[in-house]
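Residues per chain, in single letters:
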Amino acid sequence: MSKLIVSLSPHAHGKDTVERNMYGVIIALLPALLVSFWFFGIGSAIVCATSVIACVLFEWAINKFILGRQQNTVLDGSAALTGLLLGFNLPSNLPIWIIIIGALVAIGVGKMSFGGLGQNIFNPALVGRCFLLVSFPAQMTSWPKIGQHLSYLDAETGATPLYYMKEAIKNGDLHQLEKVPDSLSLLLGNGYAEGMGTVGEVCALALLLGLAYMLWKKIITWHIPVSIIGTVFVLAGLFHLANPVYADPLTVILSGGLMLGAIFMATDYVTSPMTPKGQIIYGVSIGVLTLVIRNWGSYPEGMSFAILIMNAFTPIINMYVKPKRFGEVPEKK
């Protein structure tokens, strides 16, 4: 029997548990999930269900047959949440076998290879997503058009708003920006006349509803999402003022996976800094990196890579942004 060590008072009793927070985030994702069913139909259902089931099964199998743990962690909600977030970062016409590979990488490499929940360095869902993006670039950049509710693998595809924004910057062609939907359409999710983007990114309003729920339930704080979105808005505004070939800031923050990443991916407890000051540094850095990759990188979207890069810097941020210890006397050197 292990010895229970109780630290000195004061003690604080809280209602937070792993299960409460994980299922709370899943509840916050429901508006975006329902919207994805509305736009993508059967494709969204297949992608999300496959991803969730595969992630849960892989975590169960690794715990039981590889790690030999008596107590399995599949019911704490973390595997299901990883699966849902992975599904949200995939196109709605992605073949099932590729989704399963992504789930294996997300759980097996991104999470369990580090020891499981609480020990992983990188966001597992983004590890799976970026692995698939590098390994299967053609399938991962095929974006179905709206209104094909009964189509899955044979869905007609098109270009996304981020593609036109990238082309405008690359060619200096302002006419490309005319093909980007207006901000209200991007907010409501009904402006993607061509490619829809990933399953979870098409309606910013649904994602903002999830943010409001998590702030209300105190599952997350405002520091990371607000610092990311605010940084991108300010920098995108400066770029737009300097050269109108860059899209206006409101269009930039409502396009692509920025809202999904800022609200649900970057705020992961394990891979983000612990202090408010550290979280703001982390969020500002993600915002800067996202715009750098979007504007001058090879990919139209940079949110996933920006978050993974800053995941690697989280231990350093935690080390140098520490709260002052109560009663500590600084050492004189």
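In the block above lies the structure referred to throughout.
Residues numbered from 1 in each chain as written. Predicted model: local features only at pLDDT ≥ 70, side-chain atom pairs only at ≥ 80, totals over all residues. Heavy atoms only, no water.

Asker: I'd like a rundown of the side chain of Ser 142, residues and numbers included.
Answerer: Within the secondary structure, Ser 142 is located in the loop between α6 (137–140) and β1 (143–144). Of the residues examined, Ser 142 reaches a relative accessible area of 18% and is grouped as buried. The residues contacting Ser 142, other than those within four sequence positions of it, are Pro 91, Asn 93 and Thr 157. (Helix = DSSP H or I, 4+ residues; strand = E, 2+ residues; numbered from the N terminus. Buried < 20%, exposed > 50% of the residue type's maximum accessible area, 1.4 Å probe, protein only. Contact = heavy atoms within 4.5 Å.)

Asker: Just give me the short version of the nonpolar core, but keep the residues and values in it.
Answerer: Core analysis: the largest hydrophobic core is formed by 88 residues, its most contacted members being Phe 88, Phe 264 and Ile 286. Considering each element in turn, this core owes the most residues, ten residues, to helix α1 (residues 18–40). Excluding anything up to four places from it in sequence, Phe 88 contacts Leu 29, Ala 32, Leu 33, Cys 48, Thr 198, Val 199, Gly 200, Glu 201 and Leu 260. (Core = buried A, V, L, I, M, F, W, Y, C linked by side-chain atoms within 4.5 Å.)

Asker: Any chance you could break down the packing of aromatic side chains for me, citing the residues and the numbers?
Answerer: When we look at a pair of aromatic rings, we describe it by the centre distance and by the angle of the planes. On inspection of all chains with the given rule, the structure shows eight aromatic pairs. The interplanar angle of 90 degrees and the centroid separation of 5.5 Å between the aromatic rings of Phe 239 and Trp 296 together place this pair among those described as edge-to-face. In this pair, Phe 239 is assigned in helix α10 (residues 223–242) and Trp 296 in helix α13 (residues 276–296), connecting sequence segments 57 residues apart. Phe 239 gets classed as partly exposed once you look at its relative accessible area, which sits at 24%. Each residue in the set Phe 239, Tyr 246 and Trp 296 is aromatic and connected to the rest through ring pairs, giving one cluster. The cationic tip of Lys 64 hangs over the ring face of Phe 65; the distance from NZ or CZ to the ring centre is 5.9 Å. In this arrangement the basic side chain of Lys 217 is found over the ring face of Trp 216, its NZ or CZ atom lying 4.5 Å from the centre. (Phe/Tyr/Trp six-rings, centres within 6.5 Å; stacked < 30°, edge-to-face > 60°. Lys NZ or Arg CZ within 6 Å of the ring centre and 35° of its normal.)

Asker: Give a detailed account of α13, specifying residues and quantitative values.
Answerer: Given a rise of 1.5 Å per residue, 21 residues ought to cover 30 Å, and the 30 Å separating the end C-alpha atoms of α13 matches this to within 8%. Three or more residues of α13 are buried, namely Gly 278, Gln 279, Tyr 282, Gly 283, Ile 286, Gly 287, Thr 290, Leu 291, Ile 293, Arg 294 and Asn 295. Buried residues along α13 sit against α7 (161–171), α10, α11 (249–254), α12 (258–265) and α14 (303–320). (Expected span 1.5 Å × (residues − 1).)

Asker: I'd like to hear about the side chain of His 223, residue by residue, with values.
Answerer: In this structure, His 223 sits in helix α10. Side chain to side chain, His 223 and Thr 221 meet in a polar contact 2.9 Å long. Setting aside residues up to four positions removed in sequence, His 223 forms contacts with Pro 276, Gln 279 and Ile 280. (Polar contact = N/O pair within 3.5 Å; in protein donor to acceptor, adjacent residues only side chain to side chain.)

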